[in-house]
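# Tertiary structure, described
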Amino acid sequence: MIQHHNQMCFATLEHPEPWSLKAYESVGGYRVWKKILAKRPPRRDLIEQIKSSGLRGRGGAGFPTGVKWGFMPDCDESYLVCNADESEPGTCKDRDILRFNPHALIEGMAIACYAIGAGTGYAYLREEFGDEPYRRFREALREAYGNGMLGPDIQGSGITVYLHDTLGAGAYICGEETALLESLEGKKGFPRFKPPFPANYGLWGRPTTVNNVETLALVPGILREEPGWQVGTEKSRGTRCFSVSGHVSRPGNHELPLGIPFADLLELCGGVWKNRELKAVIPGGSSVPVLPAKTMMELDMDFESLAEAGSLLGSGAVVVMDETTDMVRVLQRISRFYFQESCGQCTPCREGTGWLYRVLTRIVEGRGEEQDLEILEKVPGRIEGHTICALGDAAAWPVQGMLRHFRDEFEHYIRYGKSPVSPA
Ligand SMILES: Cc1cc2nc3c(=O)[nH]c(=O)nc-3n(C[C@H](O)[C@H](O)[C@H](O)COP(=O)(O)O)c2cc1C
Ligand code: SF4
């Protein structure tokens, strides 16, 4: 993994055992938590600090974290849930935070519990993390309990925080926060209708805050006023873990200031592999609209710039595609994923995702018909915004993005029964 300046989530990487308590303490870890234990500041003060830091959720939607914490009512039973389901194709940063800096997440969870008034927090890890990420996180939890950072009446402070880990069963939909809560309760991972939102009706019907791993791991460094946070743009503050994959020479996770030009990010990854030309980029995980090379090469990687260009920063997963990429096949593959992962509760998503996948398969197999383009244009609009959860939108946006920028490839496939792109 390439290392950069301004690291927050990956601050311990230079240590021989970056996942250990020793490594975390050597970069100032648990200082904020110990101060909270000693001084017991009003929880609303911490929320205000997080609000003014400009931290926005790293799970996909970019919702302001302090505002979300502020929704939590004062009550005697509430919960924090850390979303470590990380199943959006292309995304692999939470996995590395769990593997290389689990204590940053634990301290972030403890602080968040205190700020929202919760005595218990759960980290929900996807089943596929059962090996190293889960083991490292478990071991770090054990160390934190053993060193008096968690448990009842911590260090005589009167503060009680219990943190638990739990493994899912390997379903993309369980990353959606309400499906995750259902799964944590031991039920099928079906998203709930919103409202009520989790801050009112969450885990076991109690007020709950759900935050992403990266969001929570950033909290201690922000409150320590690390220089790493003093970067980014006015509305997109701090660093972001970009998971870069696809046709680059050096794929991997790169923690960098928000607002970095895409051209610089590409260069850090060794450029497009095999001296080929850049064709397109999916800039925020498979569910966000694709953007063509020309747009990307002039774009900065922050929430606002990507939205203005017609896409999203999403989960921070940057999928790079070179000139030999068959965009119709890429879309067929993405559509298969959403078809397979739809939970089936709502008709537009259950039927629409299957419809899209079947039409795309027909086109790829050289059996496309003139009206297929019309179907690809209409169906996403009937799914988007008409479903219980945003998986429906996630299935619709990639189709809309591909047609917007690469329509000629779909037309060619339908007319000649094959791809316009010569295979690499
Ligand atoms: C289908 C679907 C899958 C999702 N998967 C994840 C995930 O794996 N990890 C995650 O943090 N958020 C995921 N989200 C977003 C969560 O619902 C939620 O917004 C997020 O965990 C909030 O954390 P944040 O405010 O820190 O970003 C997903 C949303 C949808 C609709
Ligand atoms: S949009 Fe899809 S995944 Fe979400 S609840 Fe409806 S059927 Fe399930």
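Predicted model only: the values in this text are computed from it and were never measured. (Residues numbered from 1 in each chain as written. Chains lettered and ligands numbered in written order. Predicted model: local features only at pLDDT ≥ 70, side-chain atom pairs only at ≥ 80, totals over all residues.)

### Some thoughts on the overall build of the chain
The helix and strand tally for the chain stands at 16 helices and 11 strands. Compactness check: the chain gives a C-alpha radius of gyration of 22 Å against a globular reference of 22 Å for 424 residues, within 12% of the reference. Projected onto its principal axes, the C-alpha coordinates of the chain cover approximately 75 × 45 × 40 Å. Within the chain, the fraction of its 424 residues that count as buried is 52%. Counting only contacts in the chain whose residues sit at least 6 apart along the sequence, the fraction spanning at least 24 positions is 71%. (Helix = DSSP H or I, 4+ residues; strand = E, 2+ residues; numbered from the N terminus. Rg over C-alpha atoms; globule rule 2.2 N^0.38 Å. Buried ≥ 20, exposed ≤ 12 C-beta atoms within 10 Å, placed from the backbone. Contact = placed C-beta atoms within 7 Å.)

### Observations concerning the site of ligand 2
Around ligand 2, 14 residues are found, and the nearest of them are C343, C346, C349, T387 and C389. At the level of secondary structure, the elements contributing two or more residues to the shell around ligand 2 comprise α14 (347–364) and α16 (391–416). (Near = placed C-beta within 6 Å.)

### A word on the domain arrangement of the chain
Segmenting the chain into domains produces domain 1 (21–229), domain 2 (239–322) and domain 3 (327–416). For domain 1 and domain 3, the distance between their C-alpha centres works out to 35 Å. Taken residue by residue, the interface counts 8 residues in domain 1 and 8 residues in domain 3. The residue inventory of the side of domain 1 that touches domain 3, partitioned by class, reads 6 nonpolar, 1 polar and 1 charged. (Domains from an automatic or database assignment. Nonpolar A, V, L, I, M, F, W, Y, C, P; charged D, E, K, R; others polar.)

### Focus: unusual backbone geometry
The step from K194 to P195 runs through a cis peptide bond, and the omega angle for that step is -5 degrees. Structurally, P195 can be placed in the loop between α8 (177–184) and β4 (208–212). The amide bond that connects P195 to the next residue, P196, takes the cis arrangement and shows omega of 5 degrees. The phi torsion at Q155 lies on the positive side, around 50 degrees, for a residue other than glycine. Inspection of the secondary structure assignment puts Q155 in the loop between α7 (132–146) and β3 (162–167).

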